[in-house]
Amino acid sequence: MEHVISALSGMGVDNALITLTGAECPILDGSASPYVQGIMEAGLDVQPAPRRYIKIMRQVLVRNNEASAALEPYNGRMLDLEIDFDSRVIGRQRMIFDWTPRKYCEDVSRARTFGFVRDAKILRQAGYALGSSLDNSITVHEDRILNPGGLRYEDEFVRHKLLDAIGDLALCGLPIYGRFRSYKGGHALNALVLHGLFASEANYEIVTAEELPLAFDALDDVPEGLEVRPYLRSVG
Ligand SMILES: [Zn+2]
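This is a predicted model, so every value here is computed, not measured. (Residues numbered from 1 in each chain as written. Predicted model: local features only at pLDDT ≥ 70, side-chain atom pairs only at ≥ 80, totals over all residues. Heavy atoms only, no water.)

Judged by nonpolar contacts, the single largest core of 58 residues is most densely connected at Phe97, Tyr104 and Phe180. It is helix α5 (residues 156–170) that provides the largest number of residues to this core, a total of seven residues. Ignoring sequence-local partners within four residues, the contact set of Phe180 consists of Ala69, Ala70, Leu71, Met78, Leu79, Asp80, Leu81, Ala165, Leu169, Asn190 and Val193. (Core = buried A, V, L, I, M, F, W, Y, C linked by side-chain atoms within 4.5 Å. Buried < 20%, exposed > 50% of the residue type's maximum accessible area, 1.4 Å probe, protein only. Helix = DSSP H or I, 4+ residues; strand = E, 2+ residues; numbered from the N terminus. Contact = heavy atoms within 4.5 Å.)

This paragraph deals with the pairing of strand β8 (residues 138–141). Alignment of strand β7 (residues 114–116) against β8, held across three bridges, turns out to be parallel. In the sheet register, Phe116 faces β8, and the bridge partner there is Val140. Where the polypeptide runs from β7 across helix α4 (residues 117–125) and back to β8, its parallel neighbour, the crossover connection is right-handed. Judged from the two bridges that link them, β8 and strand β9 (residues 144–145) form a sheet pairing that is antiparallel. (Pairing = 2+ DSSP bridges. Right-handed = clockwise from strand over helix to strand, strands pointing away.)

Taken together, His3 (NE2), His160 (NE2), Asp164 (OD) and Asp164 (OD) make up the full set of protein donors to the zinc ion, lying 2.1 to 2.7 Å away. Coordination at the zinc ion is irregular, judged from the four donor atoms that bind it and the angles of 52 to 153° they form at the metal. Between the donor residues of the zinc ion, the gaps in sequence give the motif H-x156-H-x3-D. Here His160 and its partner Asp164 are both found in helix α5, four residues apart, which amounts to about one turn of the helix. (Donors = N, O, S within 2.8 Å, 3.2 Å for Na, K, Ca; no water. Tetrahedral: all angles 85-135°; square planar, octahedral: opposite > 155°, others 65-115°.)

Now the structure itself:
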């Protein structure tokens, strides 16, 4: 489900009703792109209430061996994510992402999930990842990518980790105003840093967009073709 939540959060949607008819969200092509395309087709309705944010007031840092995740005060919504895999096709990749819906759509949403053939065997024996295929994940075997079409971005791996982190962080209930940093992280550390955030009320403040520097506007920079319908007060 993190890909659906990532698409919503990445595109600036903070109020939506989702109906599921199965046990999990469809994996589709392994990225958030099909969900983003759906949002592009539907457009956005601006609502009368001001947008609220969780503003980070002091650093929250969590670690697991050499992996770490942090939330820090920052004027904007930034993610700085680094991965380091012992694989020649992935290796060390870093992405610094200053969020806007347009940049999410163009630079993040198309990045697909990925996995290693050696892990797929173990996962399948345990009953997981039964639907994974070359149509919905980048598959790495030793130092090769098995997908015939290759990669969508040269550094698609770190971009997908960023896509996941945007979905995970949205689970805190409001968009985060601040900087997220992650080194060799993943879903577990992302959840842990949110637990750390809520462990003390001194770590954050709930604010409205008007209270942020420059009256931060989440829909300042949207993809071309996305209709943003203003809120019109009904008359009479
Ligand atoms: Zn993912």
